[in-house]
Amino acid sequence: MPHKLTNLLIPVPSDLEIAQAATPIPISQIAAEAGILPDELELYGKNKAKVHLSLRDRLKDQPNGKYVVVTAITPTPLGEGKTTTTVGLSQALGAHLGKKVFTCIRQPSQGPTFGIKGGAAGGGYSQIIPMEEFNLHLTGDIHAIIAANNLLAAAIDTRMFHEKSAKDEVLFDRLCPPAKDGSRRFAPVMLRRLHKLGIHKADPNELTPEERSRFARLDIDPDSITWRRVVDTNDRMLRQITIGQGPEEKGAERVTGFDMAVASEIMAVLALTTSLADMRERLGRIVIGSNRAGEPITADDLGVGGALTVLMKDAILPNLMQTIEGTPAFVHAGPFANIAHGNSSIVADQIALKLAGRDGFVLTEAGFGADMGMEKFFNIKCRYSGLTPDCVVLVATIRALKMHGGGPKVVAGQPLAHAYLEENLELLDKGCSNLVRMIANARSFGVPVVVAVNRFKTDSMAEVELVKKLAIAAGAEDAVMSDHWAQGGLGAVDLAKAVVAACSKPSHFRFLYPLELSIKEKIETIVREMYGGSGVEYSPEAEHKIDLYTRQGFDKLPICMAKTHLSLSHDPNLKGAPTGFTVPVRDIRASVGAGFLYPLLGTMSTMPGLSTRPGYYEIDINLETGRIIGLS
């Protein structure tokens, strides 16, 4: 059962010290109390497990719980405690108000863990535990994504290599080699390619020479390839590399590079899929580039869609963990919140909502601010899940609002300026323009909003009251200070009561745009309605991609804007709630398997670098106890 914390320490110890002092409830007990049967559980040790999707089928007639998405104002580079708030609110609902509750959050990349940001399990007395397992390998989902992503990359290059030196008939013979009796067979995935080509024959010997050529030769245009390899380490030297320099690959050189594993489209597929069958289709229709005639080439064209699914068959199962106060949590999928949609998995939310039941609550977190992860949660995730949210929790901090009011620059790893450490109502009042804009963003989807003021010890009550007054005037149902970092669920009880009240009010959810709009119309709607911009400027490359994707039939996909998270605009230096700016779209790319197009607004880094003194300097192991030290 969930339990209230009774041994809160002042000052609050480090996250790792708090996590290691906690005694996790056996995960099998967490599962049983949540309503999960033993044969629906795959244990990964004592503290984590995977849950079978058959659970969702068993509970299909069970009413859903209340569905709450946690988002934020535009953050500082330090982050504003969205995950900590999500966990603290969950603990307040479960351990203190006696509600059935589930927390659904993303799995973090090891890049930030060993880099500058640290882990993502929450903080203080509002964490997912065991924190070390959460932040490191967990159950191997990211490793599965790396394996699948790089298998597809290998398939691309090996296909181009073999096509370069073989004539059509030779290629066909290699793909469908004759048996001793002269018979041939198509692999199941080959039938998918034949169907795409409009060839409805099951016997390879029945294909005409022209059909054999169309089937066998993909004719990939190397300049069109968008698929890159991935690794889960911040390794700046892999941002751009040259491959094909081996003596046997002479003449097959090309420039490519590596991304972070969580930037892989396969990660986005995992987050947006709804079943194993759906994942198989999504992986098969991943587009890696075009042929020289401008036609899209897919993973199934390369014959690898089924193999990708095999590598991902266990990763699709959500990971069950717990908060420090014993409420259940699903940790599943971790797509980038700029290149991708930045939300945890649909299947985890679906299962959690069934387990929570009519009177329960499911908290799911959307990456970055309400202009980024929340917008994508509504317009992308909710489209594919069919789920309707009941409430938005908008996390704000006094320090971030002061920054938006013109406060000094906030830099990770450097001390905060005095403006953030002492009362300054004038600066705060100006900065609340960002909060007001984000409340309007959330309300535009027809969902009630509760503002959570994540408390820092330097915040004055006058500052908190000013934020509450302005938030309610802007249309929030309530605005509540929350001290969950220092007090766990106890510090978020008032916030939990506000969320319960908001969820009892009618929600009139609506999408921001219909999919039938053109690519440009959808982009311009987001810029105008979410960011406050006045227009969009498209580069020649973006114009070319719009024409290409429209011809290829991808123009009805939702839009996933890739932009900075540090401003409502495309420019990280524009703080507050800027207006009148023009957003430049320098390129547009397609994640057809995941199911969205992503315009690039400026330069997006998909492979962060390491600083001179990364976080790994502090991380080690106590050889006497076997415990990890230095993880943050």
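Right, let's walk through the structure included here. The structure presented is a predicted model; accordingly, all values stated were derived computationally and were not measured.

What counts, and at which threshold
Within each chain, residue numbers correspond to sequence positions counted from 1 in written order. Under the rules for a predicted model, residues below a pLDDT of 70 receive no local features and side-chain atom pairs below 80 are neither given nor counted, while totals for whole chains, interfaces and linings still include all residues. Water and hydrogen atoms play no part in the side-chain values, which are based on all heavy atoms of the structure. Secondary structure elements are taken from DSSP: a helix is a run of H or I of four residues or more, a strand is a run of E of two residues or more, and numbering for both begins at the N terminus. Here the radius of gyration uses the C-alpha set of atoms, whereas the globule reference equals 2.2 Å times the residue count to the power 0.38. Each accessible area is a Shrake-Rupley estimate made with a 1.4 Å probe; only the visible protein chains count as cover when residues are assessed. Buried residues are those whose accessible area, probed at 1.4 Å on protein chains only, stays under 20% of the maximum for their type, while exposed residues exceed 50% and partly exposed ones sit between those limits. Throughout this description, a polar contact denotes any pair of N or O atoms lying within 3.5 Å of each other; where both atoms belong to protein, one of them has to be capable of donating a hydrogen while the other can accept it, and for residues adjacent in sequence the pair is counted only when both atoms sit in side chains. Any two residues whose heavy atoms approach within 4.5 Å are treated as being in contact. Any Lys or Arg side-chain nitrogen found within 4 Å of a carboxyl oxygen on Asp or Glu counts as a salt bridge. Nonpolar cores were defined as sets of buried Ala, Val, Leu, Ile, Met, Phe, Trp, Tyr and Cys residues, with membership established by side-chain atoms within 4.5 Å. Only strands joined by at least two bridges in the DSSP assignment are considered to pair. To obtain each axis, a line is fitted to C-alpha atoms, and for helices this fit is confined to the stretch in contact; angles are then taken between N-to-C directions over 0 to 180 degrees. The scheme is simple: roughly parallel for angles under 35 degrees, roughly antiparallel for over 145, roughly perpendicular for 65 to 115, oblique for anything else. A clockwise turn of the near helix away from the far one marks a right-handed crossing, whereas an anticlockwise turn of less than a right angle marks a left-handed crossing. Each residue gets one label: Ala, Val, Leu, Ile, Met, Phe, Trp, Tyr, Cys and Pro are nonpolar, Asp, Glu, Lys and Arg are charged, and the others, such as Gly, are polar. Ring pairs are drawn from Phe, Tyr and Trp, using the six-membered ring of Trp, whenever the two centres fall within 6.5 Å, and their geometry is named by plane angle: stacked under 30 degrees, edge-to-face over 60, tilted for the rest.

What about the overall build of the protein?
- In terms of regular secondary structure, the protein is built from 22 helices and 24 strands.
- Computed over C-alpha atoms, the radius of gyration of the protein comes to 25 Å, within 12% of the 26 Å expected from 2.2 N^0.38 for 632 residues, which places it in the range of a compact globule.
- Principal-axis analysis of the C-alpha atoms gives the protein an extent of 80 × 55 × 50 Å.
- Here the protein displays about 25,200 Å² of accessible surface, and carbon together with sulfur accounts for 54% of that area.

As for helix 11 (residues 265-272)
- Of all eight residues making up helix 11, eight are buried, and the element is well covered by its neighbours.
- Buried residues of helix 11: Glu 265, Ile 266, Met 267, Ala 268, Val 269, Leu 270, Ala 271 and Leu 272, and no others.
- Looking at where helix 11 begins, the residue whose side-chain oxygen comes 3.0 Å from the main-chain nitrogen of Ile 266 is Ser 264.

Topic: the side chain of Thr 606
- Along the chain, Thr 606 falls in the loop between strand 22 (596-600) and strand 23 (620-621).
- The exposure class assigned to Thr 606 is buried, which follows from its relative accessible area of 17%.
- For Thr 606, the residues in contact, after removing those within four places along its chain, are Asp 259, Met 260, Ala 263, Phe 336 and Ile 339.

So, the pattern of salt bridges
- All chains considered together, the criterion is met by 36 salt bridges.
- A salt bridge links Arg 217 to Asp 168, with the nearest nitrogen and oxygen atoms 2.5 Å apart. Placement of the pair is Arg 217 in the loop between helix 10 (209-216) and strand 7 (229-231) and Asp 168 in helix 8 (residues 168-175), with a sequence separation of 49 residues.
- Arg 217 sits in the partly exposed class, given a relative accessible area of 23%.
- Look at Asp 168 and you get partly exposed, because its relative accessible area is 26%.
- Put simply, Arg 192 and Asp 300 hold a salt bridge, and the shortest N to O gap is 3.4 Å.

Regarding the nonpolar core
- Leu 152, Met 312, Leu 320, Phe 330, Phe 378, Leu 435 and Ile 523 are the most contacted members of the largest nonpolar core, which has 142 residues in total.
- In terms of residue count, helix 7 (residues 141-165) provides more of this core than any other element does, 10 residues in total.
- The residues contacting Phe 330, other than those within four sequence positions of it, are Val 51, Phe 102, Thr 103, Cys 104, Ile 105, Pro 318, Asn 319, Leu 320, Ala 348, Ile 351, Ala 352 and Leu 355.
- Judged by nonpolar contacts, the second largest core, of 23 residues, contains Leu 363, Val 395, Val 480 and Val 493.

Topic: the side chain of Ser 567
- Positionally, Ser 567 belongs in the loop between helix 22 (540-551) and strand 20 (582-585).
- Looking at Ser 567, its side chain comes within polar contact range of the main-chain oxygen of Asp 571, at 3.1 Å.
- Those residues in contact with Ser 567, other than ones at most four positions away along the chain, are Thr 74, Asp 371, Pro 572 and Leu 574.

Structural notes on the environment of Gly 406
- Along the polypeptide, Gly 406 turns up in the loop between helix 16 (398-404) and helix 17 (425-443).
- We classify Gly 406 as exposed; its relative accessible area is 60%.
- Each C-alpha atom of the pair Gly 406 and Thr 208 lies 70 Å from the other, and the pair is 198 residues apart in sequence.

As for the pairing of strand 14 (residues 328-331)
- With burial as the criterion, each face of strand 14 is covered, one bearing Pro 328 and Phe 330 and the other bearing Ala 329 and Val 331.
- As defined by bridge partners, strand 13 (residues 319-323) adjoins strand 14 across four bridges and the pair is classed as antiparallel. Among the inter-strand pairings, Leu 320 is bridged to a residue of strand 14, identified as Phe 330.
- Two successive antiparallel strands, strand 13 and strand 14, enclose a turn made up of four residues, where Gly 326 displays a positive phi of approximately 85 degrees.

Side note on the environment of Thr 273
- Within the secondary structure, Thr 273 sits in the loop between helix 11 and helix 12 (276-284).
- On the basis of relative accessibility, which here comes to 0%, the residue Thr 273 falls in the buried class.
- When the C-alpha atoms of Thr 273 and Lys 381 are compared, they prove to be 9.6 Å apart, with 108 residues separating the residues in sequence.
- Sequence-distant contacts of Thr 273, defined by excluding residues within four places in its chain, comprise Asp 278, Met 279, Arg 282, Ile 316, Ile 346 and Val 347.

Structural notes on the packing of helix 12 against helix 13 (residues 305-312)
- For the pair helix 12 and helix 13, interaxial distance at closest approach is 8 Å and the crossing angle is 135 degrees. One way to sum up the angle between helix 12 and helix 13 is to call them oblique. Both helix 12 and helix 13 take part in a crossing whose hand is right-handed. Residue-level inspection shows Leu 276, Met 279, Arg 280, Leu 283 and Gly 284 of helix 12 in contact with helix 13, the latter providing Gly 305, Gly 306, Leu 308, Thr 309 and Met 312.
- Taken together, the residues of the contact of helix 12 with helix 13 break down into five nonpolar, four polar and one charged.

Quick notes on the packing of aromatic side chains
- Per the counting criterion, the structure on display carries 11 aromatic pairs.
- Centre to centre, the rings of Tyr 67 and Phe 377 are 5.6 Å apart; their planes meet at 50 degrees, and the pair counts as tilted. With a gap of 310 residues between them, Tyr 67 in strand 3 (residues 66-72) and Phe 377 in helix 15 (residues 373-385) connect regions that are remote in the sequence. Judged on exposure class, the residue Tyr 67 and its partner Phe 377 are both buried.
- Judged by centre distance (4.4 Å) and plane angle (35 degrees), the rings of Phe 378 and Phe 445 are tilted. Of this pair, Phe 378 sits in helix 15 while Phe 445 sits in the loop between helix 17 and strand 17 (449-454), and the two are 67 residues apart along the sequence. Each member of the pair, Phe 378 together with Phe 445, is buried.

Re the pairing of strand 15 (residues 361-365)
- Burial of strand 15 is extensive: five of the five residues sit out of reach of the surface.
- Along strand 15, one buried face is formed by Phe 361, Leu 363 and Glu 365 and the opposite face, lined by Val 362 and Thr 364, is buried too.
- Bridge count for strand 3 against strand 15 is five bridges, and the pairing is parallel. What sits directly across from Val 68, in strand 15, is Leu 363.
- The pairing of strand 4 (residues 101-105) with strand 15 spans four bridges and is parallel. Bridge pairing in strand 15 links Val 101 to Phe 361.

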